[in-house]
Amino acid sequence: MAAQGDDKAVPGPDASAPGHRVAVAVVGAGPAGMAAALALCGRGIATALIGPPPGPDARTTALLGASADVLADAGVWPRLEGRAIPLEVMRIIDDTGRLVRAPEVAFSAAELGLAAFGWNVTNDDLNAAMAETVAAAVAAGRLVRLPVLATGFAIGDDGVTVGTAAGPVHAGLVVAADGARSPARAAAGIETVSWSYSQAAFVTTLSHRLPHGFASTEFHTPAGPFTLVPLAGNRSSLVWVERPERARALTELAPGVLSREIERQAHSLLGEMSVDGPCAAIPLGTHVARHFAARRVALVGEAGHRIPPIGAQGLNLSLRDVANLTDIVAAAARNGGDAGAPAVLEAYDRARRADVAGRAVGIDLLNRSLLSGFLPFQLGRSLGLYVASEVPPLRRLLMRGGLGPGVGPGGGARMGGGAGKSAGGAKAGRARRPLVAFGPCLW
Ligand SMILES: Cc1cc2nc3c(=O)[nH]c(=O)nc-3n(C[C@H](O)[C@H](O)[C@H](O)COP(=O)(O)OP(=O)(O)OC[C@H]3O[C@@H](n4cnc5c(N)ncnc54)[C@H](O)[C@@H]3O)c2cc1C
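One structure accompanies this document, and this report is about it. Throughout this description, residue numbers start from 1 for each chain and increase along the sequence as written. Local features are withheld for residues below a pLDDT of 70 in this predicted model, meaning they are given only at 70 or higher, and side-chain atom pairs are given and counted only at 80 or more; totals for whole chains, interfaces and linings count all residues. Remark: hydrogens and water are excluded; side-chain values derive from all non-hydrogen atoms of the structure.

## With respect to the nonpolar core
By size, the foremost hydrophobic cluster in this structure holds 83 residues, and its most contacted members are V24, V26, L71, V162, V174, V175 and V329. Secondary structure elements are taken from DSSP: a helix is a run of H or I of four residues or more, a strand is a run of E of two residues or more, and numbering for both begins at the N terminus. The leading source of residues in this core is helix α7 (residues 314-334), at ten residues. Side-chain atoms within 4.5 Å link the members of a nonpolar core, which is a set of buried Ala, Val, Leu, Ile, Met, Phe, Trp, Tyr and Cys residues. Each residue is placed in one exposure class: buried if its accessible area under a 1.4 Å probe, protein chains only, is under 20% of its type's maximum, exposed if it is over 50%, and partly exposed if it falls in between. Core analysis: the second largest hydrophobic core is formed by 17 residues, F202, L206, A247 and A266 among them.

Have a look at this one:
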């Protein structure tokens, strides 16, 4: 584990030069940055979004619990209509082949009175839906959009100037949504605690002969989880966590060989499989910022935390960052306050600590329990899954206990649950219901 301020600050731009003046400058136009800009401008806060549009992305994102509400409030959700597939069942299968093996466990959203735990959407569809909503906000004059890199930050007592090739942007607060290596985080002098795993995620999409029944299935293997998540029709996305060299080798296999290899690893659960999308191998690591805000810079998304893709937590955490930050900044704005005032930064830092640290530690423990051949670790994991499988009140307690902390001033009482299905896939229809967001130990 290493403590680091891992990136060098770039030279500061001229704070006295003319340019855009906004309350908040969001730097980074990935999913976290677009969500933050939309949420803030949706509350009437003068906002600029700075950063190039995201490129193609082979991954999908399972949006759990309150994430759908955050996207609905940001005006994105209707654009995902028909493209977000409900996750009704989450199944865990111990495929470690070890002496102590856990029983198969299946959690059903119906047990909690929910239509779905969440929705799976391709990152390309999600980014496109967000970009369309951003374009609509720009056209309506509610958002300033500069599709260029931030080249420097001058942080002063009264505000921050963000340098860009399209001229400077002066803001009270910078929202750093500029990814894992975050130059804005470095400019604010915020350090991270980081550690890496000898693992990479192989990702792709597949078609298969048998229906998935809107169930995601996670096989626990000694190298990490192998997870199939439903897409429209008889298709699924795959996140296969493996040793880095094996994940890289998978990307080099011919499509037919790769399809058979995946089907073998899935024990033909969904019948014959055929890879039908791009493949990528993504190295895994974890970092958590020591502070989530300082010196007029607040961190959202991977600028603040990066965790392995176990339990589909990453962007869900980021959307909770966005919801918390928006509420805090909007409250300050209502009182005529400065979006980057110390009280705002302190409130945001406090709001994010427990949620982010809890998820990062939970995911880390679960991951290590898979990788470790140490018997007590395996016993602990198996016992946990046995309890989850066999004792109904504990199952529900575990499911609800794993539900994330509240979003919004009232502690969160919002959750979309009514995804309806149509012939070719599913509708992203939603009904308000109590907030849920899965904890790391459940999927
Ligand atoms: C295999 C895999 C599967 C995953 N599955 C899930 C899932 O099912 N559910 C889930 O919730 N999460 C999931 N995640 C996590 C999720 O994908 C990430 O948390 C999310 O993509 C991070 O988004 P971001 O906007 O924070 O960062 P990024 O997507 O990295 O965006 C950062 C942006 O900042 C921009 N930028 C960088 N420097 C500058 C600069 N100087 N100026 C302006 N812009 C800049 C970059 O161009 C980029 O567009 C998964 C992750 C992996 C690896």
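## A look at the packing of helix α1 (residues 31-42) against α7
Their axes nearest at 9 Å, the elements α1 and α7 cross at an angle of 25 degrees. In terms of axis orientation, α1 runs roughly parallel to α7. By crossing handedness, the relation of α1 to α7 is classed as right-handed. Within the contact between the two elements, α1 uses P31, A32, A35, A36, A39 and L40 and α7 uses L315, S318, L319, V322, T326 and V329. Along the lines of polarity and charge, the residues of the contact of α1 with α7 split into ten nonpolar, two polar and no charged. Lines fitted to C-alpha atoms define the axes, with helix axes restricted to the stretch in contact, and inter-axis angles between N-to-C directions lie between 0 and 180 degrees. Each angle receives one of four descriptions, namely roughly parallel if under 35 degrees, roughly antiparallel if over 145, roughly perpendicular if within 65 to 115, and oblique otherwise. Note on convention: near helix rotated counterclockwise from far helix by under a right angle means a left-handed crossing. Clockwise means right-handed. In this analysis, two residues are considered to be in contact whenever any of their non-hydrogen atoms come within 4.5 Å of each other. Residues are sorted three ways: Asp, Glu, Lys and Arg are charged, Ala, Val, Leu, Ile, Met, Phe, Trp, Tyr, Cys and Pro are nonpolar, and all the rest, Gly among them, are polar.

## A few points about the environment of H287
Mapped onto the secondary structure, H287 falls in strand β18 (residues 280-289). Relative accessible area serves as the criterion here: at 7%, H287 is assigned to the buried category. When the C-alpha atoms of H287 and A303 are compared, they prove to be 9.1 Å apart, with 16 residues separating the residues in sequence. Apart from residues lying up to four places away in sequence, H287 is in contact with A180, R185, T192, V193, S194, E302, A303, G304, H305 and R306. A polar contact of 2.8 Å, which involves the side chain of H287, links it to the backbone oxygen of E302. Counted as a polar contact is a pair of N or O atoms within 3.5 Å, where, for protein atoms, one must be capable of donating a hydrogen and the other of accepting one, and residues adjacent in sequence contribute only when both atoms are in side chains.

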